[in-house]
Amino acid sequence: MAYFPDYKYEIVFASPKVNPATDETIKDYFSVLNRDFSDDEKVSFKYLANDEFKNSILIPTMKSSSYDADTSELFLRSFKLLDVFDLLKSFDNLESTSDFISDENIRFTPSEMQIVTQNSPEANSYFIDTVIEFIPANETQFKQLLLQKKCARRTWIYKDGKKRVEIWDAHNFKTSSSLKGNIQSTVHWRSRKDTGLIKVILEII
């Protein structure tokens, strides 16, 4: 900034994969950074991880690389090998399909999930993200109520139609705790690919 005072700067921290609890903490710190640095200082901070890393860095890089014949760089070499053996879909399909599947606003019934996993061409290449739903739907409101009542009902829904209902004793849950991080740290969530978990409903009781 001392050498180029007339420019604005954007400092980017990028990571392909960050676990949910850490991701939430980092986002909070980046909000603080952007709040504390005024416009007069001409600097902003950007954090890219997980889906944002994929959409902003990985997919654009792969698209640009498809026109590059230089294979001296290891990433390009690996990428070209996949392309040679026809292991890559077209980038347009990759981008649209991935964005569709990972959208947390999408809701699948067990029968709809059965159709997707058995019949769609995406089934072998993508793992559909498990949905987390809160009742009440507003996550901030849900968290406030949970801190007051110290318990909630958790319903685990699987693609074969089965449900597992349990009461969550949340006495150890704190203001600094992450709702989604708590769910995503459980055995049920970590084994979702094997068990076919498609949805988790958290309900204040």
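Not measured: the values here are computed from a predicted model. (Residues numbered from 1 in each chain as written. Predicted model: local features only at pLDDT ≥ 70, side-chain atom pairs only at ≥ 80, totals over all residues. Heavy atoms only, no water.)

Visitor: Quick question: what am I supposed to make of the sheet that holds strand β3 (residues 131–135) here?
Guide: Adjacent strands of a sheet pair through backbone hydrogen bonds, lying either parallel or antiparallel. Taken in spatial order, the four strands make up an open sheet running β3-β6-β4-β5, and their pairing is mixed. Only two strands of the sheet have a single partner each, and these edge strands are β3 and β5 (163–169). Going across the sheet, the axis of each strand differs from the next one's by a mean of 20°, ignoring polarity. Relative to β5, strand β4 (residues 151–158) runs antiparallel, the two sharing seven bridges. Bridge pairing in β5 links Ile 157 to Lys 163. In this fold helix α6 (residues 139–149) packs onto β3, β4, β5 and β6 (197–204), with an angle of close to 60° to the strand it touches most, β6. (Pairing = 2+ DSSP bridges. Helix = DSSP H or I, 4+ residues; strand = E, 2+ residues; numbered from the N terminus. Axes fitted to C-alpha atoms, helices over the stretch in contact; angles between N-to-C directions. Contact = heavy atoms within 4.5 Å.)

Visitor: Before we go on, may I ask you to explain the pairing of strand β2 (residues 43–49) in this structure?
Guide: The side chains of a regular strand alternate, first on one face of the sheet and then on the other. Burial analysis of β2 places five of its seven residues in the buried class, which makes it a mostly covered element. Where strand β1 (residues 9–15) meets β2, seven bridges bridge the pair, whose relative direction is parallel. Bridged to Glu 10 within β2 is Ser 44. (Buried < 20%, exposed > 50% of the residue type's maximum accessible area, 1.4 Å probe, protein only.)

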